[in-house]
Each structure stands twice: as structure tokens, then as C-alpha cells.
Amino acid sequence: MNKPVLELAAIEKSYLKGSTNKIEVLKGVNLKLFPGETVALVAPSGAGKSTLLQISGLLDKPLGGKIFINGTEIQNKNDNHLTMIRRREIGFVYQFHHLLPEFSSRENIDLPQLSNGISSKEAQRRSNELLSLVNLADRSNHRPSELSGGEQQRVAICRALANKPRIILADEPTGNLDQKTTLSVFESLVTIVKQTNLSALIATHNLDLASRMDRVVKLIDGKIS
Ligand code: ADP
């Protein structure tokens, strides 16, 4: 079998509530994400999905356990190195689009590429290609306020893919949309993930969407079942 693009081994995380009350959120999470697969992360609210995605995306550090990205353990890397790995390998999609209001759809997708040293011409080419993949080629000059909720979220998906990451981490990416839009945005996400042979870990409450992914994992009592 292929090597996992992301592996979590015995990940632990707890938070202090007040000065003494410790909440153990992750109690030894083991999870492998393989190339090309879409995995649904299902759990009730408050179970630790966001915590797990933040740790997987190297935005937060676990208190115990190991994280491997493309087979490399990232434990002892410094913050600059982690930022570099995150920029190159990982794309995030959140429940709210977080697009910059003063920029067009295309410019919102150009920006992460420009910060990664890509030329403006090449960034624009890639942004337009991504917008075509989610059927928004004719909205490239629109600002976020001129787009529907579903369109905004599809632009956010393109932005997450801008730097050709290998891993997409999505936290309730359709949680803010109505039922019909949910399905079309979800289909855009899965289609683009499959077409570009990415791997995606997608937290969702929506069991219908979860059942459309390659695999469903449940986070129960701090562990993956
Ligand atoms: P989910 O995404 O499944 O709703 P979260 O990962 O956001 O769950 O939160 C898991 C638990 O950890 C919740 O009880 C939440 O209140 C707590 N929590 C999350 N972040 C923090 C934090 N920074 N400080 C203290 N407690 C936190």
C-alpha cells in the first residue's frame, strides 16, 4: 500500500479550563490519510474535530504523540520549517470562507501563490484554471460580496488548492450553507480533490455527505474508532 501523506500516532491534547480543570480532548488518536482518498471525520460538536484538524495542519502542537507528513516526522522541526511544510503541503477550508473582501475571486486565489514566490502571471493562470474546475470561470473578477454563499465557498476551496498542497483539511466546509448548496459545494470539493489526486480530511456533521467519501472515521471519547 502507498505511504500515508498524513499520519497521526497516539496524539494527545488537553486544555486547562480555569486554573485547575483539565479537559482531555484527544486521548491517543491514530489516523492515516492515504494519497487520493477522501476521509470524513465525524463527531458531535465539542468532541475535538477542530482541535484534531489544527494539529494535523501544524497550526497547534499536541501534548503527546507523533505527526508524520509524507513519512517525515515533524516533531523536532522549528516553527519556520513547520510554516514552510504547511504552506507547501496543506490547504485549509473553513466553515466561513474568510475571503478578503477588497479583492476579486481570482486575486484571492493569487495571493497565497504570490506569498510563495510564484510569478504574478503564473499565479493568475493557475487561479483561472482552478476557478474553471469549480465552474466559476465567469466570476473571476467578482468580489466576495458579489458572490452567493456557495460560490464564495468554492472560491475558498480554490484558494486552499492554490499552492498545490497534497493534503486538504476542511472543518465543516458546508456547515454554513443551505441543503442544496451544500451538495454542490461538496461535489466541487470532492471532484477537485479526486482530479488533482489530493487527500482530504473533512470534518462534517452531515452523515449523508460523510457516506459519499471513501472512508468515515469517528472521533469518540478522544479516540478514533
Ligand atoms: P469540535 O470541533 O468537535 O466542535 P473542538 O476541537 O473545537 O471541538 O473543541 C473540543 C473541546 O476542547 C471543547 O470542549 C472545547 O471547549 C475545548 N477547547 C477547544 N479549544 C480550546 C482552547 N483553546 N482552550 C480551552 N478549551 C478549548
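Data block above holds the structure.
Asker: For the site of the ligand, give the residues involved together with the corresponding values.
Answerer: In the neighbourhood of the ligand, the contacting residues comprise Y15, V25, P44, S45, G46, A47, G48, K49, S50 and T51. One nitrogen or oxygen atom from the main chain of K49 is found 2.9 Å from an oxygen atom belonging to the ligand. Contact with the protein chains hides 61% of the accessible area of the ligand, taken as 570 Å² for the molecule alone. Per-element tally for the shell around the ligand: the top contributor is helix α1 (residues 49-56), with 3 residues.

Asker: Please set out the pattern of salt bridges residue by residue, giving values where relevant.
Answerer: A full pass over the atoms with the stated rule returns 14 salt bridges. Between R212 and E187 there is a salt bridge; the shortest N-O distance is 3.9 Å. You can see R212 sitting in the loop between α7 (207-211) and β9 (215-220) and its partner E187 sitting in helix α6 (residues 179-195), a full 25 residues away along the chain. Using a relative accessible area of 39% as the deciding quantity, one classes R212 as partly exposed. For E187, a relative accessible area of 41% puts it in the partly exposed group. Measuring nitrogen to oxygen at the nearest pair gives 3.4 Å for the salt bridge that ties D208 to R212. The network of salt bridges with shared partners includes E122, R125, R126 and E129.

Scoring rules and cut-offs
Residues numbered from 1 in each chain as written. Predicted model: local features only at pLDDT ≥ 70, side-chain atom pairs only at ≥ 80, totals over all residues. Heavy atoms only, no water. Near = heavy atom within 4 Å. Polar contact = N/O pair within 3.5 Å; in protein donor to acceptor, adjacent residues only side chain to side chain. Areas by Shrake-Rupley, 256 points an atom, 1.4 Å probe, with all protein chains shown as cover. Helix = DSSP H or I, 4+ residues; strand = E, 2+ residues; numbered from the N terminus. Salt bridge = Lys/Arg side-chain N within 4 Å of Asp/Glu carboxyl O. Buried < 20%, exposed > 50% of the residue type's maximum accessible area, 1.4 Å probe, protein only.

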